[in-house]
Amino acid sequence: MAIPPNQPSPAPSLSPLRKPLVRVLLLTVICSLSYFLGFYKSITPTPPQSPLCLLHLKNLTTTHQNPPQPLNFEPHHSLSLPPKTQEDFFPFCPHNFTNYCPCQDPFRETQFNTSRFFHRERHCPKKNETLRCLVRNPAGYRRPFLWPKSRDYAWFNNVPFSRLTVFKKKQNWVRLEGDRLFFPGGGTSFTMGVKGYISEMNRIVPLKSGSVRTVLDVGCGVASFGAALMDYNILTMSIAPRDIHEAQVQFALERGLLAMLGILSVHRLPYPSRSFDMAHCSRCLVPWTAYDGLFLMEIDRVLRPGGYWVLSGPPINWRAQYKGWERTPRDLENEQQNLEDLARKLCWKKIKEMGPIAVWQKPTNHIHCAQKLKTWKAMKFCVDTDPDAGWYRKMDACITPLPEVKNIRDISGGAIEKWPKRLNTVPQRIRIGAIVGVTIRTFNEDNQLWKRRVSYYGSVLKSLFVGQYRNIMDMNAGIGGFAAALVNYPVWVMNVVPSDAKNNTLAIIYERGLIGTYMNWCEPFSTYPRTYDLLHADGLFSMYNDKCDILDILFEMYRILRPHGAIVVRDHVDTIMKVKGITDRMRWTGKVLHSERGPFHPEKILFIDNSK
């Protein structure tokens, strides 16, 4: 029908969806249906997920899941990569480097002055001399005996040296019995055996009281003295130079005893001041009165206030021993007189001389000593020096002053708790704020943190808590929390504080009754190959990333790790993957896991476990 010309056209019809009210109602219906559908799925069983989905979810979990799943940060290629060839791995060293100690190389030491035994100190290879190869195991190498059997026995093929069994036969240091070495506890001065020797010492020094926890044994031999002191809950840092007879320190470490290569020479020992409760020398052949008494002054530096110095061998008990020592009575009497005079000038008090043993005690403060030195004018206190500096720091012919006190009865630096209470007591150096950023609160938090971390380590490294590991090194020890968390297990920990670390915390570690040394990881460590079961590196590689090539640090770790050992590296994920790329070429198999900070934190952990 036609529309009249004067009437308006009808409005076009609108779609219902274009009306606002209808759109709102429709959106409400859709949302409601989605809600009910989701609720229905939540109460019904979830169908099995695909393996790819499961892998994705597992990689988002934290390290506290059991068992933890290794992470993969490598790109995923659609084409399979060819298997590694022999050229992809690092080469092995020649066979004559099986017992190579880079910084105590007998060929290198011939280039240095013999005065004050300087040639026997650390002399490390230059950068262009660094050996970049994997140190081989000796033929027939076997996993060492487990502790405590290792204290008495070692496989001969692991340390294939027999000269000591002949050279020290009368002194009963070590005997060869078939395919194993037996350590009966004899020694140069241990005519009654080491246990009888220590029993005599205990009549003078309160070894059972807990006041003696850390001991320095100079010229340790095969460390039978330190082994016997473990029965008293005492940790002994046993040191000796690379021996002219054979590798005595290597014997000690093979036995599961704390030891490292070291000598009193030109530089200070690599320990802070006031570290040891006792220092010991059993015919260690150190010329204590030579060089203006320099070596005894170094012992004084590392002795804690009130600490003991124990000496046996020449010149002690010279009247009964001069014939066996092939020395004249007059010569030995003069030597003892000079020794007594030197000890008095250090303000030490002689406690007792009984049979082959003489014991002196360091004063608890220097109030009286300062007055005496002004009168005698024979010795002086050191000035303008850091008493805790111990890395390539030359010794000075002066007495290291103790911290000042107001009262003659006060103990310089504060009283130290007896063991085991001292382990978790806040060290005095923390209480007075001597370490930047380390407070009472952070000390207690660090203890709890490392307990959790070590518990997690044990869930990954199944051998950690069952006696498979004995010698452990913490390569960047902080304030010793890792070692403290392991104190109830049959292990000992060498706590290493890098000499170039932001904070010098080694003195705190010693105040806790733990033990350790300074080190610069751009150089090799002062030990023999295959001497540690577990190496722990927390933030170490990030610390040294711009200081030296981390490849050299990893070659050193390969050298000192036992064949069935393990490594734990905590660091930034980028550093972790760089390290793993190198360790894969060393024929180590590692896996990367989240740290306790969770999947979204860049810190990850690399576990290398060769203990199986």
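Residues numbered from 1 in each chain as written. Predicted model: local features only at pLDDT ≥ 70, side-chain atom pairs only at ≥ 80, totals over all residues. Heavy atoms only, no water.

(A) Up close: the pairing of strand 16 (residues 590-594). Along strand 16, four of the five residues are buried, which leaves the element largely enclosed by surrounding structure. Note: strand 16 against strand 17 (residues 603-609), five bridges, orientation antiparallel. Bridged to Gly590 within strand 17 is Ile608. (Buried < 20%, exposed > 50% of the residue type's maximum accessible area, 1.4 Å probe, protein only. Helix = DSSP H or I, 4+ residues; strand = E, 2+ residues; numbered from the N terminus. Pairing = 2+ DSSP bridges.)

(B) Spatial organisation of the pairing of strand 13 (residues 516-519). One ladder, built from four bridges, connects strand 12 (residues 492-498) with strand 13; its direction is parallel. Residue pairing across strands places Val496 opposite Thr517, the latter belonging to strand 13. At this point the chain moves from strand 12, through helix 15 (residues 506-511), to the parallel strand 13, and the crossover so formed is right-handed. (Right-handed = clockwise from strand over helix to strand, strands pointing away.)

(C) Up close: the nonpolar core. Counting 134 residues, the largest nonpolar core has Leu216, Met237, Trp288, Ile299 and Trp309 as its most contacted members. In this structure Trp288 touches Leu264, Cys281, Gly293, Phe295, Leu296, Ile299, Trp309, Leu311, Leu339 and Leu342, once residues within four positions along its chain are discounted. Of all hydrophobic cores here, the second largest spans 20 residues; its members include Met201, Leu207, Val310 and Met354. (Core = buried A, V, L, I, M, F, W, Y, C linked by side-chain atoms within 4.5 Å. Contact = heavy atoms within 4.5 Å.)

(D) Here's a closer look at the pattern of salt bridges. All told, the structure shown has 33 salt bridges when counted by the stated rule. Between Asp179 and Arg180 there is a salt bridge, with its nearest N and O atoms 3.7 Å apart. Classification of Asp179 as partly exposed rests on a relative accessible area of 41%. Of the charged contacts in the structure, one is a salt bridge between Arg562 and Glu254, with a shortest N-O distance of 3.9 Å. Of this pair, Arg562 sits in strand 15 (residues 561-572) while Glu254 sits in helix 7 (residues 248-254), and the two are 308 residues apart along the sequence. (Salt bridge = Lys/Arg side-chain N within 4 Å of Asp/Glu carboxyl O.)

(E) Layout of the sheet that holds strand 2 (residues 175-177). Strand order in the open sheet made by the three strands is 1-3-2, with antiparallel pairing throughout. Sheet topology places strand 1 (153-155) and strand 2 at the edges, where each strand pairs with a single neighbour. The sheet shows a mean angle of 30° between the axes of neighbouring strands, taken without regard to direction. By the bridge criterion, three bridges tie strand 1 to strand 3 (residues 180-182) in an arrangement that is antiparallel. Bridge assignment links Ala154 to a residue of strand 3, and that residue is Leu181. (Axes fitted to C-alpha atoms, helices over the stretch in contact; angles between N-to-C directions.)

(F) Looking closely at the confidence of the model for the protein chain. Scored by pLDDT, the protein chain has a mean of 88; 86% of the residues are at 70 or more. Of the regions scoring below 50 in pLDDT, residues 1-14 engages in zero contacts with residues more than four places distant in sequence or in other chains. Low pLDDT, under 50, characterises residues 39-65; the predicted model gives this stretch 21 contacts beyond four residues in sequence or across chains. (pLDDT = per-residue confidence, 0-100.)

(G) Molecular detail of the packing of aromatic side chains. On inspection of all chains with the given rule, the structure shows 26 aromatic pairs. When the ring of Phe183 is compared with that of Phe251, the centres are 5.8 Å apart and the planes differ by 65°; the resulting orientation is edge-to-face. With Phe183 in the loop between strand 3 and helix 5 (193-201) and Phe251 in helix 7, this residue pair connects regions lying 68 residues apart in the sequence. Phe251 shares its class with Phe183; the two are buried. Looking at Arg116, its charged tip hangs above the ring of Tyr291, at a distance of 5.9 Å from the centre. The lysine or arginine in question, Arg470, covers the ring of Trp147, its NZ or CZ lying 3.6 Å from the ring centre. (Phe/Tyr/Trp six-rings, centres within 6.5 Å; stacked < 30°, edge-to-face > 60°. Lys NZ or Arg CZ within 6 Å of the ring centre and 35° of its normal.)

(H) Examining the sheet that holds strand 13 more closely. Read across the sheet, seven strands follow the order 13-12-11-14-15-17-16 without closing on themselves; strand pairing throughout is mixed. The outermost strands of the open sheet, each flanked by one partner alone, are strand 13 and strand 16. Sheet twist, expressed as the mean angle between neighbouring strand axes with direction ignored, is 20°. As defined by bridge partners, strand 11 (residues 471-474) adjoins strand 14 (residues 532-538) across three bridges and the pair is classed as parallel. When the bridges of strand 14 are listed, Met473 appears paired with Leu535. Across the sheet, helix 13 (residues 440-460) is in contact with strand 14, strand 15, strand 16 and strand 17; its angle to strand 17 comes to roughly 45°.

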